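Structure assessment
The lines below spell out each chain.
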Amino acid sequence: MPRTIRTLTASEVETLVEWAAGEGWNPGIDDAAALRAADPEGFIGAFVGEMVAGISAVAYGAEFAFIGLYICRPDRRGAGHGKAVWDAGMARLGDRIVGLDGVAEQRANYQRKGFVPAYETVRFSGRPAGLTGGSDIRPVAAAATAEILAYDRQCFPSPREAFLREWLRPPRIALMSTGSTGLAGYGLVRRCREGCKVGPLFADDMDTALSLIAELAVRTAGEGLHIGVPATQIGFTAVLQAVGMVPGFTTTRMYRGGKPGNAPSKVFGITTLELG
C-alpha cells in the first residue's frame, strides 16, 4: 500500500500526543486541543492504511515556526516514514526561522539539516521547599488576557494568540504577578501523565519567577513539578537546586534560518518542548 502524507484531524493529533506519552515525553493530560489551536494545519501524518508517523510543524505567522512531536511508530521505523513527515513539515514552513528542542543523540543530525544550537534547556523536577509567593500574584482572569498576550510577545519569538487563549484555560492554572509599572510576569502549570509541568514561566527578574513558581507549587497539592529551564539562567537554576529541585535530562534549543528576537532574559521556563 502506498504511503500518503496529509494534515491530521483533531483525533489524530490526540493519537500523536499519546505516542509522545508512550515515548516517555510526559505530555499534559489535555494538551492535544491546545497544541492544535496554535496552527490546525500544522500537524502532519504519514499513512500506510493507518498512521505510521507524525510531526508538528507549527507556523506562528509568516516569520517563525517550531518543529515538534516528531515520532515514527516503533514497529514502522526504518521505512522512511519519519523522513517523509519531516520533509513535508519543513516544506510547509518555507523560509521562516524554525526552532526545535533536540535531544543529545539527534543534535548532530539536526545540525546537518541546517539547525544551529542556541542554548541548552535543563529539566528540573521535584518540589521547591522554602520558597514563598508574593501578595502581588493572582490568577489570570479573562480580563487580563490582552495584558498577558502583550507580555508574552516580549518573551516568545512570535505572537501566538490562538494558542494562548486555549493554553490559559482551566484545568491549567495560570498566575500573574503585577508590579508598580504593570505586569511583571506570568506562569502556568498543568497536570501531566506524571506530576505537573510548569510552562511558560516568564518574568522581569529572578525574584518574580521564584515567587510565581512558589505559588504554582502551592496550587498543585503536593504533586511533583517539572520545568524546562534555559541553562543560561544560572542564578535561577542554582536556587532551584538549593530548594530541592533536581536537574534531569537536557535538550538543545536550535534554530534554522536565523535567531529570533525575543528577550531570553525573561524566559525562566519554556512553554513546551513540542511548540517552543
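For the structure itself, look to the data block above.
A short tour of the structure in this document, coming up. (Residues numbered from 1 in each chain as written. Predicted model: local features only at pLDDT ≥ 70, side-chain atom pairs only at ≥ 80, totals over all residues. Heavy atoms only, no water.)

**Some details on unusual backbone geometry**
Operational definition: Working definition: helices are DSSP H or I runs of at least four residues, strands are E runs of at least two. Numbering for both runs from the N terminus. Per-residue accessibility, obtained with a 1.4 Å probe over protein chains only, is compared with the maximum for each type, and a residue is labelled buried under 20%, exposed over 50%, and partly exposed between these values.
Residue P171 follows P170 across a cis peptide bond; omega there is 10°. Position of P171 relative to the elements: it lies in the loop between helix 6 (161–167) and strand 8 (173–179). With an omega of 5°, the peptide bond between G199 and P200 qualifies as cis. Its identity is not glycine, yet A221 carries a phi of approximately 50°, on the positive side. Topologically, A221 is positioned in the loop between helix 7 (206–218) and strand 11 (225–230). Overall, A221 belongs to the exposed group, its relative accessible area being 72%.

**A closer look at helix 5 (residues 145–155)**
Worth spelling out the cut-off: Residue contacts follow a heavy-atom distance rule, with two residues in contact if any of their heavy atoms lie within 4.5 Å.
Considered for burial, the residues of helix 5 that qualify are T145, I148, L149, Y151, D152 and C155. Those residues of helix 5 that are buried are in contact with helix 6, strand 8, strand 9 (182–191), strand 10 (196–203) and strand 13 (267–269).

**So, the environment of P40**
You can see P40 is positioned in the loop between helix 2 (31–37) and strand 2 (43–48). Judged by relative accessible area, which is 35%, P40 ranks as partly exposed. Between the C-alpha atom of P40 and that of T7, which follows or precedes it by 33 residues, the distance is 8.4 Å. Not counting residues up to four positions away in its chain, the partners in contact with P40 are T7 and L8.

**Considerations on the pairing of strand 12 (residues 246–256)**
We count it as follows: A pair of strands is treated as paired once DSSP finds two or more bridges between them.
Looking at chain direction, strand 5 (residues 97–103) and strand 12 are connected through 6 bridges and run antiparallel. Pairing of L100 across the sheet is with M254, part of strand 12.

**Focus: helix 8 (residues 234–242)**
The criterion, for reference: It is the directions from the helix axis to the C-beta atoms that the arc portrays.
Listed as buried for helix 8 are F236, T237 and L240. Along the axis of helix 8, the buried positions cluster into a sector of 95°, meaning they face one direction only. Those residues of helix 8 that are exposed and angled more than 90 degrees off the buried face are I234 and A242. Each element contacted by the buried residues of helix 8 is listed here: strand 6 (116–126), strand 10, helix 7, strand 11 and strand 13.

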